[in-house]
Amino acid sequence: KKSELRSILKYTRKHYTSPNKSMYGKAKGKNVIVLHLESFQQFLINKKINGKEVTPFLNKIYNSQSTYSFDNFFHQVGQGKTSDAENLLETSTFGLSQGSLFAQLGSDNTFQAAPSILNQREDYSSAVFHGNVASFWNRSATYKNMGYQYFFDASYYDTSGDRSTGYGLKDKLLFHDSVPFLENLQQPFYVKYITVTNHFPYTLDSEDTTFKGANTGDNTVDNYFVTAHYLDQSIKEFYAYLNKTGLAKKSLIMIYGDHYGISNSENKKLAKALGANPNTWNDYDNAQLQRVPLMFNMPGTKGGSIQHQYGGEVDVLPTLLHLLGVSSKRYIQFGTDLFSKNHDQVVAFRNQDWETPQYTSVSGTLYSNATGSEIKNPSKSLQAKAAKIQAHVKNELSLSDSLNEKNLLRFYKPKGFKAVNARDFNYSDGLQ
Ligand code: GP9
Ligand code: MN
């Protein structure tokens, strides 16, 4: 097992890319507020339905001078959906090829995850706010092993009656009702809000919205825009609070979409709402729709821009650590800093499909991103190039799997890292 750990280390050390000096430490000492946008895809950004912006507030953040936004950023989740996105972001390792890593390994594995790294390196406190029960996706146990100090799950809020939809407390209420807990956290803090209202089947009480959905005739697709609008408005209300209290200017607000909300089988219906042709819709188009937003917003700052480099959820942790001025070099992480000059732009999907700035590969079929069509007779050199990328994707997924499946981090002691003890945390206590 130790020799396996050595070969993983050899890979991640070689794959590591040093930070971009102009970005390193830009957010040093700031609070980190992570806003996990449920089922939120990139096409919602700047999208109008019936002449109205679906997400006017997020569009402002996306286009703001105070934000670094990404327009070629992909989710990389497998069957663990939300929990896979969380694992990718907190650890910069992949989820599993089957099932949810949180559910299968979260109770026992050793993690070297964001909350513990930030606590040990920069004295951050940490908390998750979420309107569903603590056991969902085995979060409670997994969060303790990741070093989260507090988990404010459904039991901390009034979730009765029409205050909730299928997966828990409505987003506007989550942001509002969690304020007393947030206000008691020691700064700087690293906190995450996991929203739920924009979740399949995208139903919402009429009292919560006046926004009109799309009219493709498919209920799921049509209502997706309604709950996405509600989510947008919940973020707007939360920002009003952050601005009023002055927390905004003391914080880096990281906003991301966890995974697709409309599945491939419904994309032909969605195509109508996107102004695309459903008759020519293919695997290439499905792959392009796996883009989700990623934004680093620092209210009160300037110089932000929309970044076009390709990347995925596995790249977030090294990027975030470097923005906070924390070197990621000593940790085993599979992603690379999105701002780094040598950032690896190969995006690996959990099923071994992949995406680069030039090519998309789905089940071994190669597409050109420039034309959107299949490359029917690739040259020898292109074949070799694609095979090399495929081997790289396969290798990183399998190294990540052996790290996690064999719990190899228990043998790895990065400089100064103290192993997390889950028993240090008792989430039913709340803040004492
Ligand atoms: C539930 C929520 C949804 O608590 O996070 O998870 P998902 O179904 O998207 O994986
Ligand atoms: Mn989700």
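Residues numbered from 1 in each chain as written. Chains lettered and ligands numbered in written order. Predicted model: local features only at pLDDT ≥ 70, side-chain atom pairs only at ≥ 80, totals over all residues. Heavy atoms only, no water.

1. Remarks on the sheet that holds strand β6 (residues 125-130)
Link 1 in the chain: Here eight strands make up an open sheet; going across it, the order is β7-β6-β10-β1-β11-β12-β4-β13 and the pairing mixed. Of all strands in the sheet, those with a lone pairing partner are β7 (150-152) and β13 (305-307), marking the two edges. With direction set aside, neighbouring strand axes in the sheet form an average angle of 15°.
Link 2 in the chain: Summarising the sheet, strand β11 (residues 251-257) and strand β12 (residues 294-297) pair through four bridges and their orientation is antiparallel. Directly across from Met254, in β12, lies its bridge partner Phe296. (Pairing = 2+ DSSP bridges. Helix = DSSP H or I, 4+ residues; strand = E, 2+ residues; numbered from the N terminus. Axes fitted to C-alpha atoms, helices over the stretch in contact; angles between N-to-C directions.)

2. Topic: the pattern of salt bridges
Side chains that differ in sign of charge can pair as their charged atoms come close.
Link 1 in the chain: Applying the stated criterion across every chain yields a total of eleven salt bridges.
Link 2 in the chain: Of the charged contacts, one joins Asp205 and Lys170 as a salt bridge, the two residues approaching to 2.6 Å between their closest N and O atoms. With Asp205 in the loop between β10 (189-194) and α9 (219-245) and Lys170 in the loop between β9 (168-169) and α7 (171-177), the pair connects residues that are 35 residues apart, well separated along the chain.
Link 3 in the chain: The class for Asp205 is partly exposed, based on a relative accessible area of 29%.
Link 4 in the chain: A relative accessible area of 2% means that Lys170 is categorised as buried.
Link 5 in the chain: With its nearest N and O atoms 3.6 Å apart, the salt bridge here joins Glu237 to Lys172. With Glu237 in helix α9 and Lys172 in helix α7, this pair connects stretches of sequence that are 65 residues apart. (Salt bridge = Lys/Arg side-chain N within 4 Å of Asp/Glu carboxyl O. Buried < 20%, exposed > 50% of the residue type's maximum accessible area, 1.4 Å probe, protein only.)

3. Quick look at the UniProt feature "binding site: substrate" (unreviewed entry) in the chain
Link 1 in the chain: The UniProt record annotates "binding site: substrate" (unreviewed entry) at His199.
Link 2 in the chain: Sequence-distant contacts of His199, that is, excluding residues within four places in its chain, are made with Glu38, Ser39 and Tyr167. (UniProt positions renumbered as here; feature names shortened; annotations may be inferred. Contact = heavy atoms within 4.5 Å.)

4. As for the UniProt feature "domain: Sulfatase N-terminal" (unreviewed entry) in the chain
Link 1 in the chain: Feature annotation in UniProt assigns "domain: Sulfatase N-terminal" (unreviewed entry) to the following positions: residues 30-326.
Link 2 in the chain: Within the segment residues 30-326, helix and strand shares are 34% and 18% respectively, and the terminal C-alpha atoms sit 12 Å apart.

5. Some words on the coordination of the manganese ion (ligand 2)
Under perfect tetrahedral coordination by four donors, a metal shows angles of 109.5 degrees; under perfect octahedral coordination by six donors, it shows angles of 90 or 180 degrees.
Link 1 in the chain: Those donors, Glu38 (OE), Glu38 (OE), Thr82 (OG1), Asp258 (OD) and His259 (NE2), are the protein atoms that reach the manganese ion (ligand 2), and they lie 1.9 to 2.5 Å from it.
Link 2 in the chain: Around the manganese ion (ligand 2), the six donor atoms sit at angles spanning 55 to 169°, and that spread fits a shape best called irregular.
Link 3 in the chain: Here the donor residues for the manganese ion (ligand 2) map to a single chain with the spacing E-x43-T-x175-D-H. (Donors = N, O, S within 2.8 Å, 3.2 Å for Na, K, Ca; no water. Tetrahedral: all angles 85-135°; square planar, octahedral: opposite > 155°, others 65-115°.)

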